[in-house]
Amino acid sequence: EGGCGDAVSESLEAALTMLSKAAGKEVVQGPVATVAATEDALFERYSTVEALGAACGSLESEVAKTRADIEREKGHGLDADSQRIKVLRELEGRLAAAEEAAARHAREYE
């Protein structure tokens with residue numbers, strides 16, 4: 001490890017030790033407690049933001065999947081509609097042929 005954060009931490013600890021010796025332990029404890037409480041609150045907020053970010057990512061994935069499902073179903077609907085239209089046209093063709101045959105038949109037997 002030994003990163004920049006460690007050096008800052010050591011520097012703060014050294015400064016805190018010097019302040020404690022110079023001003024008395026009680027004088028330094030108040031600000032230290034405030035800083036510690038603030039750090040805890042910030043970490044809690046950070047954790048909350050991370051959890052919300054993860055939840056948002058999960059919801060975005062779910063929305064994308066749902067949209068894909070909808071588009072897929074729309075596609076099935078188009079195929080079904082195309083199939084229905086094809087069958088309808090075929091039936092209309094048969095009906096027209098039957099009506100034409102019936103009209104011919106009626107003319108022949110008039």
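Residues numbered from 1 in each chain as written. Predicted model: local features only at pLDDT ≥ 70, side-chain atom pairs only at ≥ 80, totals over all residues. Heavy atoms only, no water.

Along the chain, the regular secondary structure elements total 2 helices and 0 strands. By residue count, 1% of the 110 residues in the chain fall in the buried class. When the accessible area of the chain is evaluated, it comes to approximately 9,600 Å², of which 61% is carbon and sulfur surface. (Helix = DSSP H or I, 4+ residues; strand = E, 2+ residues; numbered from the N terminus. Buried < 20%, exposed > 50% of the residue type's maximum accessible area, 1.4 Å probe, protein only. Areas by Shrake-Rupley, 256 points an atom, 1.4 Å probe, with all protein chains shown as cover.)

Turning next to the layout of surface pockets. Over the atoms a probe the size of a water molecule is rolled, and this reveals where empty space is left. Computed from the structure, the largest pocket encloses a volume of approximately 290 Å³. Of all the elements in the fold, those that place two or more residues in the lining of the largest pocket are helix H1 (4-23) and helix H2 (25-108). For the lining of the largest pocket, the element with the highest residue contribution is H2, accounting for 6 residues. Looking at the lining of the largest pocket residue by residue, the class counts come to 9 nonpolar, no polar and 1 charged. (1 Å grid on protein atoms, 1.4 Å probe; cavity = no way out; pocket = protein on both sides within 12 Å on 5 of 7 lines; lining within 4 Å. Points joined across faces, edges and corners; volume = space filled by probe spheres on them. Nonpolar A, V, L, I, M, F, W, Y, C, P; charged D, E, K, R; others polar.)

On to the pattern of salt bridges. Following the criterion strictly, the structure yields 2 salt bridges and no others. A salt bridge links Asp69 to Lys65, with the shortest nitrogen-to-oxygen separation between them at 3.1 Å. Here Asp69 pairs with Lys65, and both are found in helix H2, just 4 residues apart, close to one helical turn. A salt bridge links Arg94 to Glu90; its shortest N-O distance comes to 3.0 Å. Remark: Glu90 and Arg94 occur in helix H2; sequence separation between them is 4 residues, near one turn of the helix. (Salt bridge = Lys/Arg side-chain N within 4 Å of Asp/Glu carboxyl O.)

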